[in-house]
Amino acid sequence: MPHRFSLRPARTLLGLAVAFCGLGLQAAPQRTVYQEPSKTVREVLDAPALPRHQISPDRQTLALVETRRFNSLAELARPTRKLAGLRFDEATGQPSQTPAIQSLRLRPLLDPKAPERVFDLARLNQQDKGWFHSFSWSPDGQRFLLERRGDKINELWVGSTDSTELRRVGGLRLNNALSQGEMAWLSPHELVLLAVPDKRGRAPREPLVPASPVVRESSGRASPERTYADLLSSPHDENLLDHHGLSQLTRVNLQTLRTQKLGAPALFFSVASIGDDETLLTERITRPFSYSLTWDDFPQVVEVRRADGSVLREVARLPLKRGVAINGVLAGPRVFYASPNRDGAVFWVEALDGGNPNQRAPHRDRLMRLDPPYTGEAQELLRIPFRFSGMRFLDDGQHALLSEEDPLRAITRSYLLTLRGGNVSVLFEHALRERYRHPGTPLMRTESRRGRALAQTQGGGLLMLGQGASPKGDRPFLDRVSLRDGNAQRLFQSSDKVYEQPVDLLNGQLLTLQESTHSAPSLHLHPLAATANSAGGAGLSLTRPPATPPVLRKIRRELVQFKRGDGVEMSFWMYLPPDYKEGEARPTLVWAYPLEFHDAALAGQVSGSPNRFANFSGISPVLLALEGYVVLNDATMPIVGDAKTVNDEFVEQITMSARAIIDKAEELGVSDPKRMAIGGHSYGAFMTVNLLAHTDLFKVGIARSGAYNRTLTPFGFQSERRSLWDARDTYLKLSPFLYANQLKEPLLLIHGEADNRSGTPAMQSERLYQALVGTGGTARYVSLPLEAHGYTARESVGHVQWEMRQWLRHHLGDPKAAGR
């Protein structure tokens, strides 16, 4: 038997499974409790989350929304349905791990001295220990919505800007199992949403004895599909999806709190208002379901409906997404948009290459338009050479920004489209991985009547927000791009002393969110004409930076740039412990995530800013700097090559990058090259185990929620477009599971037992651990109960930090004794 521990939290009956192998030792199972990191790290974990600044559409009111930073294991342990790739609370239909709101405050946006309106959410939650979530503004900014997940139902509550009273819409049970909060505004005080039908009844009971075998059959047509979790597996699962997904279109008046049912219930997942009347565009799934695809690849029906919910026209009927090539799309209509303009048009995309990216075609997609009264044929607006990737409507009512991508050439292009007539001009074109010349994304605003998100224009130009990446770090900007000739005028760029993000324009003034290394984000207001060359810190401060743990400001951070052996530029962010002294060569953790590039110049572009406030996730490896370790975070691991074959040299390139990182850290004098650890999460974990299996560069490794056997992801992974049978040697070479006998460095494996990410089920870590046991490796495997791909329970997060610290201390030694 392998060496196994099971850690049990003191206040629950859940167990944390831990396994250890090494030195040929076997130990009897034992029980203990979830562990906690050091006091310093606990202070960081238990600090409140930074508030979100949510500005009303009329730009008059500021909502300060503070979410709960972590779940509890008790919350994760609530009965959950896992159906067709969905996970939702069995009793309420609310998607799993929805962030809970624990405090809400409102105040006039431009008056920082005005008293805040504080809403007593805790009092309203006392009856059933429920919690509020999903704050959103009404289109006119006079009201706001909150959802509340009670013990058995998901409720809708309404608040206003002139009161601290919250009112519940009685008799309404929201159904977010498929829709995840889909709403269509008809006016500033009326909306249509999806609710549980009144006569839905109880969920079907699982038969004690199966009525028949489950039979699946292939008729010879290739249908390559990714490996998904939580798929349907029986007729009972199908019945459960029918039951929980069934929704009633419901009209809600926020003034009277009255509701009205519209049409018959169906498996709706989307509802949107079209134009300026009360016409609706709805999307729903239908049978037959699939046991190998997720719900969003099931057959779909798209319909235009009247205000009473009756069908005016069936726009499209999409088949089951079967027989589609890897990275392909359906051949018929897909991706539907309801026009926010008075024209009331419906837009969609159709493939011109059969949906197959491997088929040569002068144009991949075309954009279609259907106008009221929706009785004629749709009009083709334009054809595009690459694959459609998105469309945003501009607030001038005349244009849209349409984007396409070519994965093989790794480029993206955006067109300015005239909605009447279909005239187009190229506005932007750049590499998919481009950072330094990236034009940004449109500054969006909420339309005041129907609540649609529109791209803002000003003075004949489109407003664009960008990160402003450069070799010295990010400096966010706001540009105005001419709709006539595409020329860009810079209206604002953050100084190099702070990190300042544009948020919105208010009557000739610019609202920004400003932060620095020692100050958490806060809102500022600048006169627009004075901002382009701003040195930062000027203007009116609208909010105070929230209090944060002082110890975070003691971690020293520095951007380090260098080159690897083939000349590709690289970088990492170096974090030094608060007690670090010059000249110390400390044990070091390198944390990385590999990315593919077709151009070496793009691979070296820097990401991040030296002026950002230190705000880390609960499982961030940077918190190990508080334990005394040097942490080289976001270390670049570029894989450079042709998009079709880039992974053929994956191992060689990560080896070259790792060697360059170690050499640079040694050159800086901060790291002991004999005490280097490598770690990563997800694809970073995959990288970690490959490095340990194929090199002797690191003494120890930490791999969280990774995939280690590529034969279990035979139809592609990450950017890999070939199947196992097209690139057998590459798949086998990139499966460190097959090289377990070469992996002699100690390896800490951590995985959420309920990981539902495609390609990374917990079985990946379990099988690797078993392989290491059988071949004499040294490993510890920690299975986190109830956790998915990322870890959200406070108990789990604390234990992960404890595990990482203990593993490094055991195998790298006491960091504070280094260099002495």
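Residues numbered from 1 in each chain as written. Predicted model: local features only at pLDDT ≥ 70, side-chain atom pairs only at ≥ 80, totals over all residues. Heavy atoms only, no water.

K.L.:
What am I meant to see in the nonpolar core here?
P.N.:
A general trend in soluble globular proteins is that nonpolar side chains are found buried together. Membership of the largest hydrophobic core comes to 56 residues, with the highest contact counts inside it found for Phe650, Ile661, Phe698 and Leu747. Not counting chain neighbours up to four residues away, the residues in contact with leucine 747 comprise Val689, Leu692, Gly701, Ile702, Ala703, Leu768, Leu772, Thr778, Ala779, Arg780 and Trp807. Membership of the second largest hydrophobic core comes to 39 residues, among which are Val44, Leu552, Tyr575 and Leu623. (Core = buried A, V, L, I, M, F, W, Y, C linked by side-chain atoms within 4.5 Å. Buried < 20%, exposed > 50% of the residue type's maximum accessible area, 1.4 Å probe, protein only. Contact = heavy atoms within 4.5 Å.)

K.L.:
Would you mind showing me how to read the side chain of threonine 688 here?
P.N.:
Mapped onto the elements of the fold, threonine 688 is located in helix 7 (residues 683-694). Given a relative accessible area of 0%, threonine 688 falls into the buried group. For threonine 688, the side chain forms a polar contact with the main-chain nitrogen of glycine 680, separated by 3.3 Å. If sequence neighbours within four positions are ignored, threonine 688 has contacts with Ile678, Gly679, Gly680, Gly701, Ile702 and Ala703. (Helix = DSSP H or I, 4+ residues; strand = E, 2+ residues; numbered from the N terminus. Polar contact = N/O pair within 3.5 Å; in protein donor to acceptor, adjacent residues only side chain to side chain.)

K.L.:
So what exactly am I meant to see when it comes to the sheet that holds strand 14 (residues 183-187) here?
P.N.:
Strand-to-strand pairing in sheets goes through backbone hydrogen bonds, with the strands running parallel or antiparallel. In space, the four strands of this open sheet follow the order 14-15-16-17, with antiparallel pairing throughout. Each edge of the open sheet is held by one strand with a lone partner, namely strand 14 and strand 17 (259-266). Sheet twist, expressed as the average angle between the axes of neighbouring strands with direction ignored, equals 20°. Pairing of strand 16 (residues 247-253) with strand 17 involves five bridges; the strand directions are antiparallel. The residue bridging threonine 250 from the neighbouring strand is lysine 261, located in strand 17. (Pairing = 2+ DSSP bridges. Axes fitted to C-alpha atoms, helices over the stretch in contact; angles between N-to-C directions.)

K.L.:
Sorry if this is basic, but what is going on with the pairing of strand 27 (residues 399-406) here?
P.N.:
Residues in a regular strand project their side chains so that they alternate between the two faces of the sheet. Of all eight residues that make up strand 27, seven are buried, and the element is covered over most of its length. The loop that links strand 26 (residues 387-393) with its antiparallel partner strand 27 comprises five residues; one of these, glycine 397, has a positive phi angle of about 75°. For strand 27 and strand 28 (residues 411-418), the ladder comprises eight bridges, and the chain directions are antiparallel. Along strand 28, the bridge assignment pairs glutamate 404 with arginine 413. Between strand 27 and strand 28, which follow one another and run antiparallel, lie four residues, and alanine 410 among them has a positive phi close to 55°.

K.L.:
I tried to follow the sheet that holds strand 26 on my own but got confused; where do I start?
P.N.:
As summarised here, the arrangement of the four strands in space is 26-27-28-29, forming an open sheet in which the pairing is antiparallel. Strands at the two margins of the open sheet, each flanked by one partner only, are strand 26 and strand 29 (424-431). On average, each strand axis in the sheet is inclined to that of its neighbour by 20°, with strand direction left out of account. Where strand 28 lies against strand 29, seven bridges are found, and the strand directions are antiparallel. Paired with isoleucine 411 across the two strands is alanine 431, which belongs to strand 29.

K.L.:
Explanation requested: the pattern of salt bridges in the structure shown.
P.N.:
Pairing between side chains of opposite charge can happen when their charged atoms approach one another. In total, this model carries 55 salt bridges according to the counting rule given. Among the ionic pairs, arginine 148 bridges to glutamate 155, the shortest N-O distance being 3.3 Å. Classification of glutamate 155 as buried rests on a relative accessible area of 7%. The residue glutamate 429 makes a salt bridge to arginine 413 at a minimum N-O spacing of 3.0 Å. Highlighted residues: glutamate 429 in strand 29 and arginine 413 in strand 28, separated in sequence by 16 residues. You can call glutamate 429 partly exposed: its relative accessible area is 41%. (Salt bridge = Lys/Arg side-chain N within 4 Å of Asp/Glu carboxyl O.)

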